[in-house]
Amino acid sequence: MKNPVPQAASLLLEKLLLLVHVRPLPAGSGGETTPPPPPPAPGYYDTSCFKRGDLLEVPRTLFIHFGIYLGENRVAHLMPDILPAFTGDRRQIQQVVTNKRLILGVITKTASIRVDTVEDFAYGGSILVNHMDRLFQDQVLGSEEAARRAEKLVGATAYSLLWNNCEHFVTYCRYGAPVSFQTDKFCETIKMIIRDQRSVLASVLVGLASIVCLGLAPSTTLPTIFIPFVLWMAG
């Protein structure tokens, strides 16, 4: 019976070599092996397929982010950002927008149309190119016109989740009219919820639960009456 210890040691050595990306020499090989090619940098995007004025889409979990490609690895896109409301220092504003800056920008309805690299714009996501052209068949402006429009709008701007977001920005630049299909879909969903009379029952149950948990008070009683009434009348 073979001793399992040497086999286990050999297997462990192979695993360690794989972890440190070292290739063991094949048996009987006495020469040097050619090192493997270096892996591509993380977040690398091949921009050779992008043209100036292209509309770029990056699907996220809950939404799609949009931008206009300006050439030379630069993308103009609209992002909620609180910082332009406090400073005009372009170096500070140009730093990558943190989640805190973004959320405060949404709340205060402030944003900036900024120019970032493709890597910073996509943030590791996949990129779709001119995917919306099929919806605007005869309205697509020239690529140079789209890029010029985007460049002209760079800077601080107002923000609205429903009426002035990144999709409105790119559709204005490439198709001449600010449109947001994400907004339309969201509004349709809200309409469906309002029209569904089960939402009235759900709001009543939530209101009663808040009264039971928090006690009978104007802050719990009034919403329990008012919200179901509004849903009932709007449905």
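Look a little higher up for the structure.
This report concerns the structure included in the present document. These figures come from a predicted structure and were not determined experimentally. (Residues numbered from 1 in each chain as written. Predicted model: local features only at pLDDT ≥ 70, side-chain atom pairs only at ≥ 80, totals over all residues. Heavy atoms only, no water.)

This part covers the packing of aromatic side chains. In the structure shown here, the tally under the stated rule is 3 aromatic pairs. Taking the centre distance of 4.2 Å and the plane angle of 10° together, the rings of F136 and Y175 count as stacked. Of this pair, F136 sits in the loop between β5 (128-129) and α5 (143-152) while Y175 sits in helix α6 (residues 166-175); the two residues are 39 residues apart in sequence, bridging distant segments of the chain. Summarising the burial analysis for this pair, F136 and Y175 share the class buried. Grouping aromatic residues by their ring pairs yields a cluster made of F136, Y175 and F181. Between R149 and the ring centre of Y172, over which it is positioned, the NZ or CZ distance is 4.6 Å. (Phe/Tyr/Trp six-rings, centres within 6.5 Å; stacked < 30°, edge-to-face > 60°. Helix = DSSP H or I, 4+ residues; strand = E, 2+ residues; numbered from the N terminus. Buried < 20%, exposed > 50% of the residue type's maximum accessible area, 1.4 Å probe, protein only. Lys NZ or Arg CZ within 6 Å of the ring centre and 35° of its normal.)

In the contact formed by α5 and α6, the axes pass within 7 Å of each other and the chain directions differ by 140°. Relative to α6, α5 is oriented oblique. For the element pair α5 and α6, the recorded crossing hand is right-handed. Facing S143, A146, R149 and A150 of α5, the residues of α6 in contact are F169, Y172, C173 and R174. (Axes fitted to C-alpha atoms, helices over the stretch in contact; angles between N-to-C directions. Parallel < 35°, antiparallel > 145°, perpendicular 65-115°, else oblique. Left-handed = near helix turned anticlockwise from the far one by under 90°. Contact = heavy atoms within 4.5 Å.)

Moving on: the pattern of salt bridges. Within the structure shown, the criterion is met by 8 salt bridges. Ionic pairing is found between E151 and R52, a salt bridge with its closest N-O pair at 3.0 Å. Here the residue E151 occupies a position in helix α5, and R52 occupies one in the loop between α1 (4-19) and β1 (55-59), the gap between them amounting to 99 residues. Residue classification places R52 among the partly exposed residues on the basis of a relative accessible area of 25%. Here R149 makes a salt bridge to E145, at a shortest N to O gap of 3.0 Å. A residue pair is termed a helical-turn pair when its members lie 3 or 4 positions apart in one helix, as R149 and E145 do in helix α5 at 4 residues. Among the charged side chains, a salt-bridge network with shared partners connects R52, E144, E145, R148, R149 and E151. (Salt bridge = Lys/Arg side-chain N within 4 Å of Asp/Glu carboxyl O.)

Turning to the sheet that holds β1, a few remarks are in order. Across the sheet, 6 strands lie side by side as β5-β1-β2-β3-β4-β6; this open sheet has antiparallel pairing. Two strands lie at the open edges of the sheet, namely β5 and β6 (155-158), each paired on one side alone. Its contacts with the sheet put α6 on β1, β2 (64-71), β3 (74-80) and β4 (110-117), and the angle it makes with β2 is roughly 40°. (Pairing = 2+ DSSP bridges.)

Attention now goes to the nonpolar core. Formed by 18 residues in total, the largest nonpolar core has its most connected members in L55, I68, L78, A150 and F169. Put simply, the parts of the chain that give this core at least two residues each are β2, β3, β4, α5 and α6. Residue contributions to this core peak at 5 residues, all from α6. Those residues in contact with A150, other than ones at most four positions away along the chain, are I68, L70, A76, I113, F169 and C173. Counting residues in hydrophobic clusters, the runner-up holds 10 residues, among them Y45, L56, Y69 and I127. (Core = buried A, V, L, I, M, F, W, Y, C linked by side-chain atoms within 4.5 Å.)

Attention shifts here to the pairing of β2. The two faces of the sheet receive side chains in turn, since in a regular strand these alternate between them. Within β2, 7 of the 8 residues are buried, which leaves the element mostly enclosed by the surrounding structure. When β1 meets β2, the two strands line up antiparallel, connected through 5 bridges. Pairing of E57 across the sheet is with F66, part of β2. The turn joining β1 and β2, which pair antiparallel and follow one another in sequence, is formed by 4 residues. In this antiparallel pair of consecutive strands, β2 and β3, the connection spans 2 residues, and E72 shows a positive phi of 55°.

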